[in-house]
Amino acid sequence: MDLTQLRLVALGHSSAGKSSYLAAMYTRLAVGRKGFRLVTADTALAHQLITSGELLGRGIYPPPSSRRTELSAGPEFGRRAVLGFEWTDYRGGALTGSAADDPETAQLLERLTHADAVVVFADTQRLATDPESQDEVRRTVVLLHRAVDEQPTPLPVVLVHTKADLVTDPADRARARAAAAPLEELPVSGGRVREQRGTVPPAAAPARSAAR
């Protein structure tokens, strides 16, 4: 079964919630619903993701990842493949490195120019409290602009605000929104970036647990 038709790239700095999101997504979708389920040929990675997803359900979050994660998967209906995708989650440090000095940063830039879609993770809590996060946002915007400019077709971008439920003060929320504004205003696919807010999917985590 060909599971690498769509190339998806996940971007986000360390602790932004990429690993939690992927684990929660896979754990929820692998169970299946109405005949559809998410499958992968990598049984070791599937076991790792489901284990992490079950721990998320108990409020135990994975430590920040220092390595790239690649998942080739796709939904099946019955035993027939419906769609395939390759999800690549780069370590946070790849965003701040130099393509000339860091092979993974160079690979990230190359992957972005051939991506079918990009999912950007923005840590709401950090955006509200850490001024340095704005530098990370600017670096991400530069990378995305480069990818959009080199793409022959429009590049869909989804912006995922993680840990949003942990920021309850209106002033902090406004500060986080202002810090993320350059990401939200990226002109891609003929319009604004599509946003997703909230927590880890509820089947994999308690109601108030945010992606980390």
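Residues numbered from 1 in each chain as written. Predicted model: local features only at pLDDT ≥ 70, side-chain atom pairs only at ≥ 80, totals over all residues. Heavy atoms only, no water.

(A) Main features of the overall build of the chain. Assigned secondary structure in the chain consists of six helices and eight strands. The order of α-helices and β-strands along the chain, N terminus first, is β-α-β-α-β-β-β-α-β-α-α-β-α-β. Within the chain, the proportion of its 212 residues that are buried is 46%. A fraction of 75% describes how many contacts in the chain between residues 6 or more apart in sequence connect residues 24 or more apart. For the chain, the exposed area adds up to about 10,800 Å²; of that, 52% sits on carbon and sulfur atoms. (Helix = DSSP H or I, 4+ residues; strand = E, 2+ residues; numbered from the N terminus. Buried < 20%, exposed > 50% of the residue type's maximum accessible area, 1.4 Å probe, protein only. Contact = heavy atoms within 4.5 Å. Areas by Shrake-Rupley, 256 points an atom, 1.4 Å probe, with all protein chains shown as cover.)

(B) Region of the structure containing the environment of glutamine 134. Assignment of secondary structure puts glutamine 134 in helix H5 (residues 133–150). Taking the C-alpha atoms as reference, glutamine 134 lies 5.9 Å from alanine 179; in sequence the two are 45 residues apart.

(C) View of the pairing of strand E6 (residues 117–123). For E6, the tally of buried residues reaches seven of seven residues, placing the bulk of the element in the interior. Side chains Ala117, Val119, Phe121 and Asp123 of E6 all project onto a buried face; the interleaved residues Val118, Val120 and Ala122 project onto the opposite face, where all are buried too. When strand E1 (residues 6–11) meets E6, the two strands line up parallel, connected through four bridges. From the neighbouring strand, valine 9 faces E6, where its bridge partner is valine 118. (Pairing = 2+ DSSP bridges.)

(D) Summary view of the packing of helix H1 (residues 18–30) against helix H2 (residues 43–56). Closest axis-to-axis distance for the H1/H2 pair is 8 Å, and the angle between their directions is 100°. The angle between H1 and H2 falls in the class roughly perpendicular. Together, Ser20, Leu22, Ala23, Ala24, Tyr26 and Thr27 of H1 and Ala46, Leu49, Ile50, Ser52, Gly53 and Leu56 of H2 make up the contact between the two elements. A breakdown of the residues in the contact of H1 with H2 according to their chemical character gives eight nonpolar, four polar and no charged. (Axes fitted to C-alpha atoms, helices over the stretch in contact; angles between N-to-C directions. Parallel < 35°, antiparallel > 145°, perpendicular 65-115°, else oblique. Nonpolar A, V, L, I, M, F, W, Y, C, P; charged D, E, K, R; others polar.)

(E) Molecular detail of the environment of leucine 55. Considering the arrangement of structural elements, one finds leucine 55 in helix H2. Owing to a relative accessible area of 28%, leucine 55 belongs among the partly exposed residues under this scheme.

(F) Geometry of helix H6 (residues 170–184). Bending of H6 peaks at approximately 35° at the position of alanine 178, with proline proline 182 no more than four residues after it. Of all the positions in H6, only Ala176, Ala179, Ala180, Ala181, Leu183 and Glu184 are classed as buried. Where H6 begins, the capping side chain belongs to aspartate 169, and its oxygen is found 2.9 Å from the backbone nitrogen of alanine 171. (Bend = angle between axes of the 7 residues up to and from the residue. Polar contact = N/O pair within 3.5 Å; in protein donor to acceptor, adjacent residues only side chain to side chain.)

This is a description of form; function is not addressed.
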